[in-house]
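Survey of secondary and tertiary structure
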Amino acid sequence: MKLTRKQLMEMKIDRPSDEIAEQVKAIWDGIAKPLDGLGEFEAMVAKIGAIQGTTVLSLEHRGILNFCADNGIVAEGVSQSGQEVTGIVAGFMGRQESSVGKMAVRAGVTVIPVDIGINSNQPIPGVRDCKVMHGTRDFLVEPAMTEEEALQAVSVGITLVEECKNAGFGILGTGEMGIGNTTTSSAVAAALLGLKASEVTGRGAGLDNEGLLHKKEVIEEALSNYPVSRMDGLEILRTFGGLDIAGMAGVCIGGALYHVPVVLDGLISSVAALAAEKMVPGVKEYLLASHLSKEPAAKEVARQLGLHPVIDAGLGLGEGTGAVMLFSLLDLAMALYTQQTTFENMEIAQYERFFDKEVE
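The notes below deal with the structure included here. (Residues numbered from 1 in each chain as written. Predicted model: local features only at pLDDT ≥ 70, side-chain atom pairs only at ≥ 80, totals over all residues. Heavy atoms only, no water.)

Some remarks on the sheet that holds strand 6 (residues 287–289)
Spatial ordering of the open sheet is given by 3-2-1-4-5-6, a layout of six strands whose pairing is parallel. The open sheet has two edge strands with one neighbour each: strand 3 (128–129) and strand 6. Summarising the sheet, strand 1 (residues 62–69) and strand 4 (residues 171–177) pair through seven bridges and their orientation is parallel. Looking at the pairing, L65 lines up with T174 of strand 4. (Pairing = 2+ DSSP bridges. Helix = DSSP H or I, 4+ residues; strand = E, 2+ residues; numbered from the N terminus.)

Written out as structure tokens, the structure is:
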């Protein structure tokens, strides 16, 4: 799929079915429990049903699309680690031996690692080769990607969703691995939100105070080098973003195009989702947020997307691990939804939503 700017901007997203969502909510209300007793999880199940177009939804066949890529901004000393770590961890992902692989086995989730831009010529067993380029450029010096490269990375994400849909996956999660990608995501967040680097930049994998200050200064200087206020979503993505972010933006768009719910992981995939929404409005209606990252920009990005991350535990592991955790929690909620004990079964009166009615 060769994607052009014109094609991207002309994409139209159908709204998920409000009728199905209401039917799912009615089913929840008929289950013998307090109204809205599972809170956000009831809303999430209704949203999934609306996206899939059925009240008989299934989450059994689920996967994580994990995009691995290197980032040229690492040349500015914004990370503890060198680029070689990206390829090493991707190799462990390919053997299902990284953090997300071990968690996914327990949770019954398929992990699909994708090389979308690792700075290496070596094929990695178990990792899908969708390489666009050997890492991005240093965005302090020049834009990270050309528009064509960014669009190619977005198209990789869209195409993978189509493939997964055809293979029977009912729901997907996003994940990433790439040294320096909390710097790229913080820069993209700052540009999309109109905020300063100091307001959105965190320690990433564990920078000390001096390292954090330097990271903020690099991002702030880079932001000042470009006409950010006049740039659209695609221009911001290709200037400051990583190939992993562009690929995950494509997954978000693909989820909306092919009616596949997409579970976001932490800050980096949420920034990708915000970029996707800026490029193709309506995408956010197909997204679910797993956890609230410890990175400073996370809360505002979620607010802009209208999403409520249900896990607030200071997570910052990445790789799609938060999305895997949400799949497990959704399984517990679905146990009530699919194996219903109703008020009728218990021969007791069903709760009514008096608080939804207008008070006379």
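There is more to say, and it comes next.
Digging into the packing of aromatic side chains
Applying the stated rule across the entire model yields three aromatic pairs. Note on W28 and Y337: the rings are 5.3 Å apart at their centroids and 55° apart in plane angle, and the pair reads as tilted. Here W28, found in helix 2 (residues 18–30), pairs with Y337, found in helix 14 (residues 321–338); they are 309 residues apart in sequence, far enough to count as distant. Take W28: its relative accessible area is 1%, and that puts it in the buried class. Aromatic side chains F139 and F240 sit 5.6 Å apart centroid to centroid with 80° between the ring planes, which places their arrangement in the edge-to-face category. Here the residue F139 occupies a position in the loop between strand 3 and helix 6 (147–166), and F240 occupies one in helix 10 (residues 233–240), the gap between them amounting to 101 residues. The exposure class assigned to F139 is buried, which follows from its relative accessible area of 1%. One aromatic cluster is present, built from ring pairs that chain together F139, Y226 and F240. Over the aromatic face of F92 sits the side chain of R95, whose NZ or CZ is 4.4 Å from the ring centroid. (Phe/Tyr/Trp six-rings, centres within 6.5 Å; stacked < 30°, edge-to-face > 60°. Buried < 20%, exposed > 50% of the residue type's maximum accessible area, 1.4 Å probe, protein only. Lys NZ or Arg CZ within 6 Å of the ring centre and 35° of its normal.)

Considerations on the packing of helix 2 against helix 3 (residues 40–52)
With their axes 8 Å apart at the nearest point, helix 2 and helix 3 run at an angle of 140° to one another. With respect to each other, helix 2 and helix 3 are oriented oblique. The handedness of the crossing between helix 2 and helix 3 is right-handed. Contact residues: I20, A21, V24, K25 and W28 in helix 2; F41, E42, V45, A46, G49 and A50 in helix 3. Residue composition of the contact of helix 2 with helix 3, by class: eight nonpolar, one polar and two charged. (Axes fitted to C-alpha atoms, helices over the stretch in contact; angles between N-to-C directions. Parallel < 35°, antiparallel > 145°, perpendicular 65-115°, else oblique. Left-handed = near helix turned anticlockwise from the far one by under 90°. Contact = heavy atoms within 4.5 Å. Nonpolar A, V, L, I, M, F, W, Y, C, P; charged D, E, K, R; others polar.)

Some remarks on the packing of helix 7 (residues 181–193) against helix 12 (residues 267–279)
The geometry of helix 7 relative to helix 12 is characterised by a closest axis approach of 9 Å and an angle of 35° between their N-to-C directions. Of the two possible hands of crossing, helix 7 and helix 12 adopt the one that is left-handed. Residues N181, T182, S185, S186, V188, A189, L192 and L193 of helix 7 pack against L267, I268, V271, L274, A275 and K278 of helix 12. Taken together, the residues of the contact of helix 7 with helix 12 sort by class into nine nonpolar, four polar and one charged.

A few points about the environment of I171
Examined against the element boundaries, I171 turns out to sit in strand 4. Owing to a relative accessible area of 0%, I171 belongs among the buried residues under this scheme. Sequence separation between I171 and Q52 is 119 residues; the distance between their C-alpha atoms is 8.9 Å. Ignoring sequence-local partners within four residues, the contact set of I171 consists of I48, L59, H61, R62, G63, V260, P261, V263, L288 and F327.

Quick word on the pairing of strand 4
In terms of burial, strand 4 is largely enclosed, as seven of its seven residues are buried. The pairing of strand 4 with strand 5 (residues 262–264) spans two bridges and is classified as parallel. Pairing of G173 across the sheet is with V263, part of strand 5.

Side note on unusual backbone geometry
Positive phi values are uncommon outside glycine, yet Q96 reaches one of about 60°. Within the secondary structure, Q96 is located in the loop between helix 4 (84–94) and helix 5 (99–107). Judged by its relative accessible area of 29%, Q96 falls in the partly exposed class. One non-glycine residue, E319, lies in the positive phi region at around 65°. The topology assignment puts E319 in the loop between helix 13 (298–305) and helix 14. Of the residues examined, E319 reaches a relative accessible area of 8% and is grouped as buried.

Digging into helix 12
The first and last C-alpha atoms of helix 12 sit 18 Å apart over 13 residues, in line with the 18 Å expected at 1.5 Å per residue. Looking only at helix 12, the buried set comprises L267, I268, S269, S270, V271, A272, A273, L274, A275, A276, E277 and M279. (Expected span 1.5 Å × (residues − 1).)

As for the pattern of salt bridges
Inspection of every chain in the model, using the stated rule, returns 15 salt bridges. In this structure, the salt-bridge partner of E10 is K6, at a minimum N-O distance of 2.8 Å. Using a relative accessible area of 56% as the deciding quantity, one classes K6 as exposed. Between E42 and K33 there is a salt bridge, and its shortest N-O distance comes to 2.7 Å. (Salt bridge = Lys/Arg side-chain N within 4 Å of Asp/Glu carboxyl O.)

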